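Architecture and fold: a report
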Amino acid sequence: MSERLERVIGLGLIVGAGLALAVIGLGWLPPVSNPFGQDPHTVAAPAPVRVPRRRAPTPRHSQGPPWPVAYSANGLGELRACARRLGWKPWMPTQSAAPATFEEAYTTSGVLCAVVGPYFVEEALRPIPSREGPTAVTRVTLSNGQSGTWWWVPGEGGGYYRLNLQVGSRYIRLAGANKVSTLDPLATSFAPISTIRPA
């Protein structure tokens, strides 16, 4: 009796499976879909999302008078602390081709490094060494008659520019723009930090 029951059940399973395959194959039943969405094997992966890198805005050369550089009382205090570490009093730019605010300053190997808006300022009492040499050097004359050199340094993203000049006994290097005219107001307005008043 149990043997006959086993045969009936086995035969029923075989017939049932064959019937189910025939019904699905003929399209009488809807295809089984992924309950969690589309089948990952048939859907193209989305394009990777690009996260934009924060980049300082490129200043536009002003047609009118230059903008005053804004220094806070804390910023001037930071510059005075750098002066004590260096043992000499730095000068800083007071005008810019676009609105600019003093951000920070630090010293390294006898060089004062400062961020003023989108510009980078280096100052020392001796020529500032460069980690990478320029491939193009052009002599330039600024609006106040002062001379300097305009460097193009190759690098990632097409390279960058630097304006090198001497203000009194100080060697200055400016970066942050691709035109001499944009850096001219900065380069021609250096003054002792003792004469700069907080905004």
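Residues numbered from 1 in each chain as written. Predicted model: local features only at pLDDT ≥ 70, side-chain atom pairs only at ≥ 80, totals over all residues. Heavy atoms only, no water.

1. Observations concerning the sheet that holds strand β4 (residues 102–108)
- One open sheet holds the seven strands; their spatial order is β4-β5-β6-β10-β9-β8-β7, and the pairing between them is antiparallel. On the outer flanks of this sheet lie β4 and β7 (136–141), each paired with one strand and no other. Each adjacent strand pair in this sheet contributes to an overall mean axis angle of 20 degrees, direction not counted.
- One ladder, built from five bridges, connects strand β6 (residues 119–124) with strand β10 (residues 170–175); its direction is antiparallel. Following the sheet pairing, Glu122 is matched in β10 by Arg173.
- Along the sheet face, helix α2 (residues 73–86) touches β4 and β5 (111–116) and points at about 10 degrees away from the line of β4.
- Relative to the sheet, helix α3 (residues 180–187) contacts β6, β7, β8 (147–153), β9 (160–167) and β10, its axis offset from that of β10 by approximately 140 degrees. (Pairing = 2+ DSSP bridges. Helix = DSSP H or I, 4+ residues; strand = E, 2+ residues; numbered from the N terminus. Axes fitted to C-alpha atoms, helices over the stretch in contact; angles between N-to-C directions. Contact = heavy atoms within 4.5 Å.)

2. Here we look at the packing of aromatic side chains
- For the structure on display, the rule yields two aromatic pairs.
- A centroid spacing of 5.6 Å and a plane angle of 25 degrees characterise the contact between Tyr71 and Phe102, whose relative ring orientation is stacked. One end of the pair, Tyr71, is in the loop between β1 (67–68) and α2; the other, Phe102, is in strand β4, and 31 residues separate them in sequence.
- For Phe102, a relative accessible area of 6% corresponds to the buried category.
- Ring centres of Trp150 and Tyr161 lie 5.3 Å apart, and the angle between their planes is 15 degrees; this geometry places the pair in the stacked category. (Phe/Tyr/Trp six-rings, centres within 6.5 Å; stacked < 30°, edge-to-face > 60°. Buried < 20%, exposed > 50% of the residue type's maximum accessible area, 1.4 Å probe, protein only.)

3. Re α2
- Taking 1.5 Å per residue as the helical rise, α2 with its 14 residues ought to reach 20 Å, and the 20 Å between its terminal C-alpha atoms agrees with that figure.
- Taken residue by residue, α2 has Gly75, Leu76, Leu79, Cys82, Ala83 and Leu86 as its buried positions. The buried residues of α2 occupy one face: seen down the axis, they fall within an arc of 115 degrees. Turned more than 90 degrees away from the buried face of α2 sit Asn74, Arg84 and Arg85, all of them exposed.
- Buried residues along α2 sit against β2 (91–93), β4 and β5.
- Directly beyond the C-terminal end of α2, a positive phi value near 85 degrees is found at Gly87. (Expected span 1.5 Å × (residues − 1). Arc of directions from axis to C-beta.)

4. Observations concerning the side chain of Gln146
- One can find Gln146 in the loop between β7 and β8.
- Engagement of the side chain of Gln146 in a polar contact is seen with the backbone oxygen of Gln166, the distance being 2.5 Å.
- Look past the residues within four positions of Gln146 in its chain and what remains in contact with it is Val140, Thr141, Leu165, Gln166, Val167 and Ala187. (Polar contact = N/O pair within 3.5 Å; in protein donor to acceptor, adjacent residues only side chain to side chain.)

5. Details of the pairing of β9
- Here β8 runs beside β9; their pairing, made up of six bridges, is antiparallel. The residue bridging Trp150 from the neighbouring strand is Leu163, located in β9.
- Taken together, the six bridges between β9 and β10 define a ladder with antiparallel strand orientation. From the neighbouring strand, Val167 faces β10, where its bridge partner is Arg170.

6. Structural notes on the pattern of salt bridges
- Following the criterion strictly, the structure yields two salt bridges and no others.
- A salt bridge links Arg173 to Glu122; the shortest N-O distance between them is 3.9 Å. Taken together, the residues Arg173 in strand β10 and Glu122 in strand β6 connect sequence positions 51 residues apart. With respect to class, Arg173 is no different from Glu122; both count as buried. (Salt bridge = Lys/Arg side-chain N within 4 Å of Asp/Glu carboxyl O.)

7. With respect to the confidence of the model for the chain
- Taken over all residues, the pLDDT of the chain has a mean of 79, while the share at 70 or more is 68%.
- A low-confidence stretch, residues 31–63 stays under pLDDT 50, and its non-local contacts, those more than four residues away or across chains, total 17 contacts. (pLDDT = per-residue confidence, 0-100.)

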